[in-house]
Amino acid sequence: MARSRSISGSGIWKYLNHAYYLRRPIRLALLFIVFLYVSMLEELKGVGDGKSLMTQKDVPEDPVVIKRRQKVKEAMIHAWSSYEKEVCQEYAREVEKLAFKLLELISISLGLPGDRLTGYFKDQTSFLRFNHYPPCPNPELALGVGRHADAGVITVLAQDNVGGLQVSRRSDGQWFSVKPNPDAFIINIGNCMQVWTNDKYWSAEHRVVVNSSKERFSMPFFLFPSHEVNIEPLKELISEDNPPCYKKYNWGKFYVARNRSDYKKLQTENIQIDRFKAA
Ligand SMILES: O=C(O)CCC(=O)C(=O)O
Ligand SMILES: [Fe+2]
């Protein structure tokens, strides 16, 4: 069905030549995102006349501007109403199936039954995110996404052909660029898998650099467990020689706290799985 290739020593896999039925929705969904953002840009240009942005209050009562705004608004409502929404739902369903297949294969690779981990997803909190990185005149001064490891179980990332994703090598932290391929998924191991496997599988740090001339679109699907699940090293993988590297933590509470710390860096402590490391 598909071929996978590890990006050396990084814990990130490229999942190549995936089945055709998955490729089609990706293309459609990416097209859709492009459409949506072009609509938004048009709206901004309409309001600010392409020069500077004005607040809603400052918009002159110019019929051309209002007409354009109205058209864009209609287009956007239409965009979320039927076909594209269905495309996104279809995509989410298919990509979720792939994530569960990977979950099964990972369980087997650990010498566990294929369905060992499925019980943690009865009320899963997984979601699909649409990322848009506009071009940046000084790319060396900015990052699209700062360094982080994904918090969940598995991430399935689709991207266009612009590139910008970089992954840090586990042994020395050196950053490597991931060659973009719109026909491949990037599969990323998340923190939960790192804890379940007691550090056997590694949740690689990654970041996104921006481009001076091209905008970029990407679409990660995050496979997340149910809110109430407690994450701890799997009992079957623990022994006297391999004692647990992490203490138990609750997924839902951890995720909420981590999000708060990611978005309010100044006021709040930054919460990562390292805090659950066993002494
Ligand atoms: O846009 C990308 O390539 C990666 C985004 C990412 O790392 C994330 O959303 O967690
Ligand atoms: Fe990420």
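Our subject is the structure that appears above.
First, a word on scope: everything that follows refers to the structure included in this document. (Residues numbered from 1 in each chain as written. Chains lettered and ligands numbered in written order. Predicted model: local features only at pLDDT ≥ 70, side-chain atom pairs only at ≥ 80, totals over all residues. Heavy atoms only, no water.)

**Re the overall build of the protein**
Assigned secondary structure in the protein consists of five helices and 13 strands. The buried share among the 279 residues of the protein stands at 42%. Put simply, the protein shows about 15,500 Å² of open surface, and 54% of that area lies on carbon and sulfur atoms. (Helix = DSSP H or I, 4+ residues; strand = E, 2+ residues; numbered from the N terminus. Buried < 20%, exposed > 50% of the residue type's maximum accessible area, 1.4 Å probe, protein only. Areas by Shrake-Rupley, 256 points an atom, 1.4 Å probe, with all protein chains shown as cover.)

**Some details on the environment of Ser 168**
Position of Ser 168 relative to the elements: it lies in strand E7 (residues 165-168). For the pair formed by Ser 168 and Ser 126, sequence separation is 42 residues and the distance between their alpha carbons is 25 Å. Contacts of Ser 168, omitting those with residues within four sequence positions, involve Gly 173, Gln 174, Trp 175 and Glu 205. (Contact = heavy atoms within 4.5 Å.)

**Regarding the sheet that holds strand E10 (residues 206-209)**
Here we have four strands laid out as an open sheet, ordered E5-E10-E7-E8, and antiparallel in their pairing. Both edges of this open sheet fall to strand E5 (143-148) and strand E8 (175-177), since each of them pairs with a single strand only. Adjacent strand axes in the sheet meet at a mean angle of 25°, parallel and antiparallel pairs treated alike. Of the pairings in the sheet, the one linking E7 to E8 comprises three bridges and is antiparallel in character. Across the sheet, residue Ser 168 finds its bridge partner in E8, namely Trp 175. (Pairing = 2+ DSSP bridges. Axes fitted to C-alpha atoms, helices over the stretch in contact; angles between N-to-C directions.)

**Re the coordination of the iron ion (ligand 2)**
Protein coordination at the iron ion (ligand 2) comes from His 148 (NE2), Asp 150 (OD) and His 206 (NE2), with a distance range of 2.1 to 2.2 Å. Sequence positions of the donors to the iron ion (ligand 2) reduce to the motif H-x1-D-x55-H. Here His 206 lies in strand E10 and His 148 lies in strand E5, a separation of 58 residues in the sequence. In this structure His 148 comes out as partly exposed when scored by relative accessible area, which is 23%. (Donors = N, O, S within 2.8 Å, 3.2 Å for Na, K, Ca; no water.)

**Some thoughts on the side chain of His 206**
Take His 206: its relative accessible area is 6%, and that puts it in the buried class. Residues within four places of His 206 in sequence aside, it is in contact with Gly 146, Arg 147, His 148, Ala 149, Asp 150, Leu 165, Gln 166, Val 167, Trp 175 and Asn 188.

**A look at the state of the cysteines**
One pass over the full model with this rule turns up zero disulfides. Not engaged in a disulfide, the cysteine Cys 192 finds its nearest cysteine sulfur in Cys 245; these two sulfurs lie 16 Å apart. (Disulfide = S-S within 2.5 Å.)

**Notes on the packing of aromatic side chains**
By the definition in use, this model includes 13 aromatic pairs. Judged by centre distance (5.4 Å) and plane angle (85°), the rings of Phe 100 and Phe 121 are edge-to-face. Note that Phe 100 is positioned in helix H3 (residues 83-109) and Phe 121 in the loop between H3 and strand E3 (127-128), a separation of 21 residues in sequence. The same class applies to Phe 100 and to Phe 121, which are both buried. For the pair Tyr 249 and Phe 276, a centre-to-centre distance of 4.4 Å together with 20° between the ring planes defines the contact as stacked. Taken together, the residues Tyr 249 in strand E13 (residues 249-250) and Phe 276 in the segment after helix H5 (251-263) connect sequence positions 27 residues apart. The pair Tyr 249 / Phe 276 is uniform in exposure class, with both members buried. (Phe/Tyr/Trp six-rings, centres within 6.5 Å; stacked < 30°, edge-to-face > 60°.)

**With respect to the site of ligand 1**
Near ligand 1, the surroundings consist of 13 residues, among which Arg 129, Tyr 133, His 206, Arg 216 and Ser 218 are the closest. Measuring from an oxygen atom of ligand 1, one finds a side-chain N or O atom of Tyr 133 at 2.6 Å. In the environment of ligand 1, an oxygen atom lies 2.7 Å from a nitrogen or oxygen atom belonging to the side chain of Ser 218. Relative to its free-state accessible area of 300 Å², ligand 1 is covered by the protein chains to the extent of 95%. Of all elements in the fold, only strand E4 (131-133), E10 and strand E11 (216-223) reach the threshold of two or more residues within the shell around ligand 1. Broken down by element, the shell around ligand 1 gets its largest block of residues, four residues, from E11. Each residue belonging to the shell around ligand 1 can be placed in one class, and the counts come to six nonpolar, four polar and three charged. (Near = heavy atom within 4 Å. Polar contact = N/O pair within 3.5 Å; in protein donor to acceptor, adjacent residues only side chain to side chain. Nonpolar A, V, L, I, M, F, W, Y, C, P; charged D, E, K, R; others polar.)

**Some remarks on the nonpolar core**
Soluble globular proteins: nonpolar side chains tend toward being buried together. Leu 103, Val 153, Ile 154, Val 156, Met 193 and Leu 223 are the most contacted members of the largest nonpolar core, which totals 41 residues. Going through the elements one at a time, H3, strand E6 (154-159), strand E9 (185-189), helix H4 (191-196), E11 and H5 are the ones with two or more residues in this core. Of all the elements, H3 adds the most residues to this core, at eight residues. Every residue in contact with Val 156, bar those within four places of it in the chain, is listed here: Val 95, Leu 98, Ala 99, Phe 185, Ile 186, Ile 187, Met 219, Pro 220 and Phe 221. Of all hydrophobic cores here, the second largest spans ten residues; its members include Cys 136, Val 167, Val 178 and Ala 204. (Core = buried A, V, L, I, M, F, W, Y, C linked by side-chain atoms within 4.5 Å.)

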